[in-house]
Number of protein chains: 6
Amino acid sequence: MSLTVYRKAHFNAAHRLYRKEWSDDKNAKIFGKCSNPNFHGHNYELEVGITGTIDPETGFLIDMKLLKDIIKEEIEDAFDHKNLNVEVPEFKELIPTMENIAIIIWEKLRNRIEQQFQITVKLYETPRNFVIYNGN
Amino acid sequence: MSLTVYRKAHFNAAHRLYRKEWSDDKNAKIFGKCSNPNFHGHNYELEVGITGTIDPETGFLIDMKLLKDIIKEEIEDAFDHKNLNVEVPEFKELIPTMENIAIIIWEKLRNRIEQQFQITVKLYETPRNFVIYNGN
Amino acid sequence: MSLTVYRKAHFNAAHRLYRKEWSDDKNAKIFGKCSNPNFHGHNYELEVGITGTIDPETGFLIDMKLLKDIIKEEIEDAFDHKNLNVEVPEFKELIPTMENIAIIIWEKLRNRIEQQFQITVKLYETPRNFVIYNGN
Amino acid sequence: MSLTVYRKAHFNAAHRLYRKEWSDDKNAKIFGKCSNPNFHGHNYELEVGITGTIDPETGFLIDMKLLKDIIKEEIEDAFDHKNLNVEVPEFKELIPTMENIAIIIWEKLRNRIEQQFQITVKLYETPRNFVIYNGN
Amino acid sequence: MSLTVYRKAHFNAAHRLYRKEWSDDKNAKIFGKCSNPNFHGHNYELEVGITGTIDPETGFLIDMKLLKDIIKEEIEDAFDHKNLNVEVPEFKELIPTMENIAIIIWEKLRNRIEQQFQITVKLYETPRNFVIYNGN
Amino acid sequence: MSLTVYRKAHFNAAHRLYRKEWSDDKNAKIFGKCSNPNFHGHNYELEVGITGTIDPETGFLIDMKLLKDIIKEEIEDAFDHKNLNVEVPEFKELIPTMENIAIIIWEKLRNRIEQQFQITVKLYETPRNFVIYNGN
């Protein structure tokens, strides 16, 4: 009997989309306003889904307080009120598009969540643009 | 040509998370504030998804008014403004976690929805915690 | 130069609407399903507004972290995961309608927020029913 | 490494549900208030999902500005502020239920989005009724 | 001790903005796509606020079930799934802009709500455009 | 007959809260994580309210397309995807708290909206923190 439980969280961060091997013109052409060298930012809204089976004793798939704490430690403490390009090591060489941020979030959670559970990451960059990644 | 149609509904209820075989200390340790013996409560937001093929004559997968009525009879009338532990028979021996509530909702709908349709239940316990169950 | 800043918070609680001087019939007639003796519950969504002038040095009307902490101490810690009728002293003799809960919240905040600021309380009992109180 | 990116859009339109081979009575019986011969209308909220792999150079699955423009040209310009039955050729012979609208949207996008990408269409007809179609 | 309680409701309707004394050109110039002679439509979201004092016996400002019923009889039954220009008498000579719809809703409610209460009408025509009217 | 119409808009921006006359320690003490020298950012959600009387010929208080264009020219084009501290002249000497941003938005709109109309600005910095300013 498999279910998925979800926990929402959020963080605010600055970023820019920019590829250092490219000219400024090419960066502007590909990334538009998002390549602004002075940075811009977002309220990122995150939904983490955990798929697995219920523990018949507790009726829980996973302790949601534990999940909340893992998200806080791995994601909120690492990303909130940060400049993703400058201050988050994973984005030193990786462009912080919403796709790449979702993959990094998934990988950071994968290291902390037991292997019997599958993980899904849904990340809103704006109210109109979002991404889903589940490790496949 | 398979689609899924969704209908939202909601109900308000009281509950507590508690396992009578366990000591009060163990209940408090596992369930935290949710084991409060005086109960607490939630506005449960429900989304029911029905997967199947379109009737080419009507352009409907299922009559949404019929679906609305089934949800009202099976779920809203049974759970709304109720104490789940005390007044809902399915939770006399089953802890009313959001996971178990979603499974019970799915089973009650399965008895009423024709077998050609698959059913998905998404249940929000709070704006930040929710669960999806589709019978698998 | 007067503005109003707002902070959202939430708490989950059980309650019932019931007047002990009245017969069960009269309670059922006036309060309907809300008078269920076994209680029901809600996710209460709260918006606290603080009206005042900006401190020109900080650009803040009030420190939002301080406001968040006051709301947590006075409202969330006191009401969250509680049975309002049984466990919250203010509702021992006062029916916990959304109107009365809003007034109590306002009064508890009034004791903690400096007098130079006006306070507005907006409280959602369900996504469709809510109340605003500003102390007048 | 497969992800899905989503873009939201919306359009307002009038429609009626009606099958010309049927009597008015049968239309009223099957479609209820939705068969009103004078039309009614909706704010349709649309979420388009595109599934594929990331371009490692850009960190993009697809250029979201391009996706936004395709949705505008194919869907918003064609449907917004229109009477679907009268003015949109696809619904001359096809009843504009939310299911059929979702299928038409999917087909119009399929003609414009490269074949390496899968497409998912989620369409809200009202805040409580919606449909998902992914071409299978 | 004055408060305001709010109740949300909604209705779907078709309309067009059009002044018959004007040429088609002038209508198109002033009202743009909204003057489409074949109509378009919206999901109108309505919030009705009632301001008054609490009944100390019940803790209610007004019986929310009564308010819900009045909104249903006066507004939802009259407007839902209707063509406002063609089927709603108030808009035979009055252009159904969101401003005018809000005024008509306020007047219809004023006839049904006791004079001791003040009434506020908030009407969303789209998620981005809305209007507030309180009778002054 | 006075009403208020509202238009929603949004912009994404980076900022930091920092007072150059103060030491880094004092900035950190007063502004916390918001004083990060590398900046962070937000999706700012904006609601602009315009209060006035209806034009009886059009049924409009103001042309919403005109209002949308003014908001785009004055606010979105000036702030979106920008670093408020570095690139927006109004915040060269003024700390870009949400309170100050709301005041600047109000003043920029005041220069463009006819004097017969009153203006209200509601600005969400996060889903939980927002501010209202109406020029008084």
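Structure: see above.
The following refers to the structure shown. In this text the structure is predicted, and so the values were computed from the model without any measurement.

1. Notes on the interface of chain E and chain D
Here's step 1: Between chain E and chain D, the residue contacts involve 22 residues of the former and 22 residues of the latter.
Here's step 2: Surface buried jointly by chain E and chain D totals about 1,800 Å² across both partners, of which 50% is contributed by carbon and sulfur atoms.
Here's step 3: On the chain E side of the interface with chain D, the three residues burying the most area are Asn38(E), Asn43(E) and His81(E), jointly 32% of the side's total.
Here's step 4: The interface formed by chain E and chain D includes two salt bridges.
Here's step 5: Across the pair Asp80(D) and Lys33(E) runs a salt bridge, and its minimum N-O distance is 2.7 Å.

2. Regarding the interface of chain E and chain F
Interfaces are often sized by the accessible area lost when the parts come together.
Here's step 1: Listed by partner, the interface residues are 21 residues for chain E and 21 residues for chain F.
Here's step 2: Summed over both sides, the interface between chain E and chain F buries roughly 1,800 Å², with carbon and sulfur atoms accounting for 55% of that surface.
Here's step 3: Across the chain E-chain F interface, the total number found is zero salt bridges.
Here's step 4: Between chain E and chain F we count nine residue pairs in polar contact (both at pLDDT 80 or more) in total.
Here's step 5: If you list the elements that add at least two residues to the side of chain E that touches chain F, you get α1 (24-31), α4 (98-110) and β5 (129-133) of chain E.
Here's step 6: For β5(E) and strand β1 (residues 2-15) of chain F, the ladder comprises five bridges, and the chain directions are antiparallel.

3. Topic: the environment of Phe91(F)
Here's step 1: If you trace the backbone, Phe91(F) turns up in the loop between α3 (84-87) and α4 (98-110).
Here's step 2: Distance from Phe91(F) to Gln115(F), taken between C-alpha atoms, is 25 Å for residues 24 residues apart in sequence.

4. Here we look at the relation of the copies chain E and chain D
Here's step 1: You can overlay chain E on chain D at an RMSD of 0.0 Å; the transform is a turn of 180° with a shift of 0.0 Å along its axis. A rotation of that kind, with that shift, is consistent with a two-fold axis.
Here's step 2: Interface residue correspondence from chain E to chain D reaches 100%, placing this contact among same-surface, isologous pairings.

5. Observations concerning the pairing of strand β1 (residues 2-15) of chain D
Residue and element names in this part refer to chain D.
Here's step 1: With twelve of its 14 residues buried, β1 lies for the most part within the structure.
Here's step 2: In this sheet, strand β2 (residues 40-53) lies alongside β1 in antiparallel orientation, the contact comprising 14 bridges. Considered in β2, the bridge of Asn-12 is made with Asn-43.

6. Topic: the pattern of salt bridges
Here's step 1: A complete count under the given rule lists 54 salt bridges over all chains for this structure.
Here's step 2: Lys20(A) is the salt-bridge partner of Glu93(A), the closest N and O atoms lying 3.3 Å from each other. With Glu93(A) in the loop between α3 (84-87) and α4 (98-110) and Lys20(A) in the loop between β1 (2-15) and α1 (24-31), this residue pair connects regions lying 73 residues apart in the sequence. One exposure class covers both Glu93(A) and Lys20(A), and it is exposed.
Here's step 3: Across the pair Arg19(C) and Glu21(C) runs a salt bridge whose closest N-O atoms are separated by 3.6 Å.

7. Some details on the packing of aromatic side chains
Both the distance between ring centres and the angle between the ring planes are used here to describe each pair of aromatic rings.
Here's step 1: Here the structure, examined in full by the defined rule, presents 48 aromatic pairs over all chains.
Here's step 2: Ring plane angle 5° and centroid distance 4.5 Å describe the contact between Phe130(E) and Tyr6(F), whose orientation is recorded as stacked. Of this pair, Phe130(E) sits in strand β5 while Tyr6(F) sits in strand β1, each in a different chain. You'll find Phe130(E) and Tyr6(F) in the same group, each marked buried.
Here's step 3: Taken together, the aromatic side chains of Phe11(A), Tyr44(A), Phe79(A) and Phe91(A) make up a single cluster linked through ring pairs.
Here's step 4: It is Arg16(A) that lies over the ring of Tyr18(A); its NZ or CZ is 3.9 Å from the centre.
Here's step 5: Over the ring of Trp22(F) we find Lys26(F); its NZ or CZ atom is 4.4 Å from the centre of that ring.

Conventions and cut-offs
Residues numbered from 1 in each chain as written. Chains lettered and ligands numbered in written order. Predicted model: local features only at pLDDT ≥ 70, side-chain atom pairs only at ≥ 80, totals over all residues. Heavy atoms only, no water. Contact = heavy atoms within 4.5 Å. Buried area = accessible area lost by both parts, 1.4 Å probe. Salt bridge = Lys/Arg side-chain N within 4 Å of Asp/Glu carboxyl O. Polar contact = N/O pair within 3.5 Å; in protein donor to acceptor, adjacent residues only side chain to side chain. Helix = DSSP H or I, 4+ residues; strand = E, 2+ residues; numbered from the N terminus. Pairing = 2+ DSSP bridges. Least-squares fit on C-alpha atoms with pLDDT ≥ 70 in both. Buried < 20%, exposed > 50% of the residue type's maximum accessible area, 1.4 Å probe, protein only. Phe/Tyr/Trp six-rings, centres within 6.5 Å; stacked < 30°, edge-to-face > 60°. Lys NZ or Arg CZ within 6 Å of the ring centre and 35° of its normal.

That is the geometry; function is a separate question.
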